[in-house]
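# Architecture and fold: a report
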Amino acid sequence: MLGEMVFRSDEAAPADRFGYWREQVVGSFMPMEVLSDERVTDFAVSQCILDLGAVRLRTTEHTPMTLRRTAQLVRRSDPGHQSGGAPTRCR
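Residues numbered from 1 in each chain as written. Predicted model: local features only at pLDDT ≥ 70, side-chain atom pairs only at ≥ 80, totals over all residues. Heavy atoms only, no water.

The next subject is the pattern of salt bridges. As enumerated under the stated definition, the model contains 2 salt bridges in all. Among the salt bridges present, the one from D10 reaches R8, with a minimum N-O distance of 2.5 Å. Residue D10 is classed as partly exposed on the basis of its relative accessible area, which comes to 44%. With relative accessibility at 42%, the residue R8 sits in the partly exposed group. Taking the shortest distance from any N to any O, the salt bridge between R68 and E33 comes out at 3.2 Å. With R68 in strand β5 (residues 66-68) and E33 in strand β2 (residues 33-35), this pair connects stretches of sequence that are 35 residues apart. (Salt bridge = Lys/Arg side-chain N within 4 Å of Asp/Glu carboxyl O. Buried < 20%, exposed > 50% of the residue type's maximum accessible area, 1.4 Å probe, protein only. Helix = DSSP H or I, 4+ residues; strand = E, 2+ residues; numbered from the N terminus.)

As structure tokens, then:
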């Protein structure tokens with residue numbers, strides 16, 4: 001069965017958007033640090049996750065941020081999990 005989850009930061013109060021997004025990413029994707037140089041109240045993101053069974057497809061548009069995975073965070077993740085990314089626009 002296919003499942004779809006949509007997240008939009010405008011569903012949260014401006015002051016809560018970055019923290020809420022960080023919790024969504026870390027809790028549903030893989031252990032990582034999520035950092036933003038932007039003012040937290042200016043943060044915006046939208047994401048759609050399509051669950052295709054053994055594969056999950058994610059499309060995401062967001063304010064610039066840094067995702068960091070330390071060796072310790074990598075060791076905490078599922079050893080059978082693989083992830084790839086293909087940025088389409090950068091600044």
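Now that the structure is up, let's keep going.
For the rest of this paragraph, the subject is the pairing of strand β3 (residues 45-51). Of the pairings in the sheet, the one linking strand β1 (residues 3-8) to β3 comprises 6 bridges and is antiparallel in character. Counterpart to G3 in the pairing with β3 is D51. The sheet contact formed by β3 and strand β4 (residues 56-62) spans 7 bridges and is antiparallel. Across the sheet, V45 pairs through a bridge with H62, a residue of β4. (Pairing = 2+ DSSP bridges.)

Here we have 3 strands laid out as an open sheet, ordered β1-β3-β4, and antiparallel in their pairing. Since the sheet does not close on itself, it has two edges, and those belong to β1 and β4, each with one partner. Strand-to-strand twist in this sheet, taken as the mean axis angle between neighbours without regard to direction, amounts to 5°. (Axes fitted to C-alpha atoms, helices over the stretch in contact; angles between N-to-C directions.)

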